[in-house]
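# Notes for the structure review
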There are 2 protein chains.
Amino acid sequence: MEDDSRDAPLDRREAILIAAARLISKRGVRGLRVEEVASEAGVSPPLLYYHFASRSGLIRAALEHASEQAPSLALRRSPTGKDGYTAVRTALLAELGDDRAVRENAVVWGEISASAVFEPDLSSDVRRVFESWCATVSEAIERGTDDGSITISAEPDEVAQILITLVDGLCTRWLSGAIDRERARELLGGAIERILR
Amino acid sequence: MEDDSRDAPLDRREAILIAAARLISKRGVRGLRVEEVASEAGVSPPLLYYHFASRSGLIRAALEHASEQAPSLALRRSPTGKDGYTAVRTALLAELGDDRAVRENAVVWGEISASAVFEPDLSSDVRRVFESWCATVSEAIERGTDDGSITISAEPDEVAQILITLVDGLCTRWLSGAIDRERARELLGGAIERILR
């Protein structure tokens, strides 16, 4: 298997990250063992260490990977003809989507974020991902104030912080079984409307 | 030590719950060992099992205990002369208080809630605590609409859901080091003002 990696190192790296996400979404990040991830990805532990250096390097990369897969990053792609309000609303509601990949991604993000409470080394990574997410949503909100679809009294950045925190809180409640996904989406939709209109 | 328990069973029970909260807030709930909690509380494991039956019974009781200690439950005490708006605002901001006990309590709640993703047995407990918290905040919001200090277009229960989810999300970000506590309080204060006025 290791020999393949010389031909397609990015595919191997990706396979390891997908395996890590699958295991984290099943059992959490606390008990995650590097050997298990390697086995799930069909690579040897040395190859895993070649790509990620350490367990915490792997967890950091898994966080980065989850953030790149986040549904609301669709906002970063070229404009779709939607007004700013519709773009923000669609993107944020997609974070509570009915799709295995969305759920798995949300669990990975929630788990790594919750682990950062006990592993301060992860804090700066979690902070960076949040800030980048916030900047994306904030830009889309500005687009909405420019095209007249959004009316807010506070700064776009502050409103974006509130909205992504709300998405994050609702995801936690949904994933922990404390609220139904449909109810979470209703609450989010109502809040987006009241906050952005 | 066990003999003391016959004289003051509630004190022993409380001591075990305090020890559990201390250990969960230090290292999380996933690695929590019953023997360690017993030792931290200065009781024997059999006495712990006498009170809580099982590890998951102990975790459930720790969640209940944390919810009883939540700063915003001050709302349940007899009216303090504050208007509804001030009462809600004060209570919710207190969840982001600069106090070791508040922080410890928030970590316990966040940890058990995050664990419920992987331990569905905990879901109904997490849901119940959320619903009870929501009902408390919702009643205070109604008091505010009655006394004219709060103006909302949605139902009090829906607004309460949004506010407590926001508090919860900001707590997670604060505890994981992704946002400063002071910034989290500013964001929450601004959101409360815009949502309730």
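Here's a quick rundown of the structure. Model, not experiment: these values are computed from the prediction.

## Considerations on the layout of surface pockets
What the largest pocket holds in volume is close to 640 Å³. For the largest pocket, the lining is made up of 44 residues, of which Ala106(B), Trp109(B), Gly110(B), Ser113(B) and Asp168(B) are closest to its centre. Of all elements in the fold, only α7 (100–115) and α9 (156–175) of chain A together with α5 (55–69), α7 (100–115), α8 (123–147) and α9 (156–175) of chain B reach the threshold of two or more residues within the lining of the largest pocket. For the lining of the largest pocket, the leading source of residues is α7(B), giving nine residues. The residue inventory of the lining of the largest pocket, partitioned by class, reads 24 nonpolar, 11 polar and nine charged. Each pocket or cavity is described by its volume, and for the second largest pocket that value is around 340 Å³. In terms of lining residues, the second largest pocket is bounded by 19 residues, among which Ala191(A), Arg194(A), Ile195(A), Arg194(B) and Ile195(B) are the most central. Residue assignment for the lining of the second largest pocket shows that the elements contributing at least two residues are α9 and α10 (181–196) of chain A together with α9 and α10 (181–196) of chain B. Looking at the lining of the second largest pocket residue by residue, the classes come out as 11 nonpolar, four polar and four charged.

## A closer look at the interface of chain B and chain A
Contact residues are listed per partner, giving 41 residues for chain B and 41 residues for chain A. Roughly 3,400 Å² of surface becomes buried between chain B and chain A when both sides are summed, with 58% attributable to carbon and sulfur atoms. For chain B, the biggest contributors to the area lost against chain A are Phe118(B), Arg173(B) and Arg194(B); these three give 17% of the whole. Linking chain B with chain A are eight salt bridges, by the criterion used here. Between Glu111(A) and Arg30(B) there is a salt bridge, with its nearest N and O atoms 2.7 Å apart. Summed over the shared surface of chain B and chain A, the number is 12 residue pairs in polar contact (both at pLDDT 80 or more).

So, how was this worked out
- Residues numbered from 1 in each chain as written.
- Chains lettered and ligands numbered in written order.
- Predicted model: local features only at pLDDT ≥ 70, side-chain atom pairs only at ≥ 80, totals over all residues.
- Heavy atoms only, no water.
- 1 Å grid on protein atoms, 1.4 Å probe; cavity = no way out; pocket = protein on both sides within 12 Å on 5 of 7 lines; lining within 4 Å.
- Points joined across faces, edges and corners; volume = space filled by probe spheres on them.
- Helix = DSSP H or I, 4+ residues; strand = E, 2+ residues; numbered from the N terminus.
- Nonpolar A, V, L, I, M, F, W, Y, C, P; charged D, E, K, R; others polar.
- Contact = heavy atoms within 4.5 Å.
- Buried area = accessible area lost by both parts, 1.4 Å probe.
- Salt bridge = Lys/Arg side-chain N within 4 Å of Asp/Glu carboxyl O.
- Polar contact = N/O pair within 3.5 Å; in protein donor to acceptor, adjacent residues only side chain to side chain.

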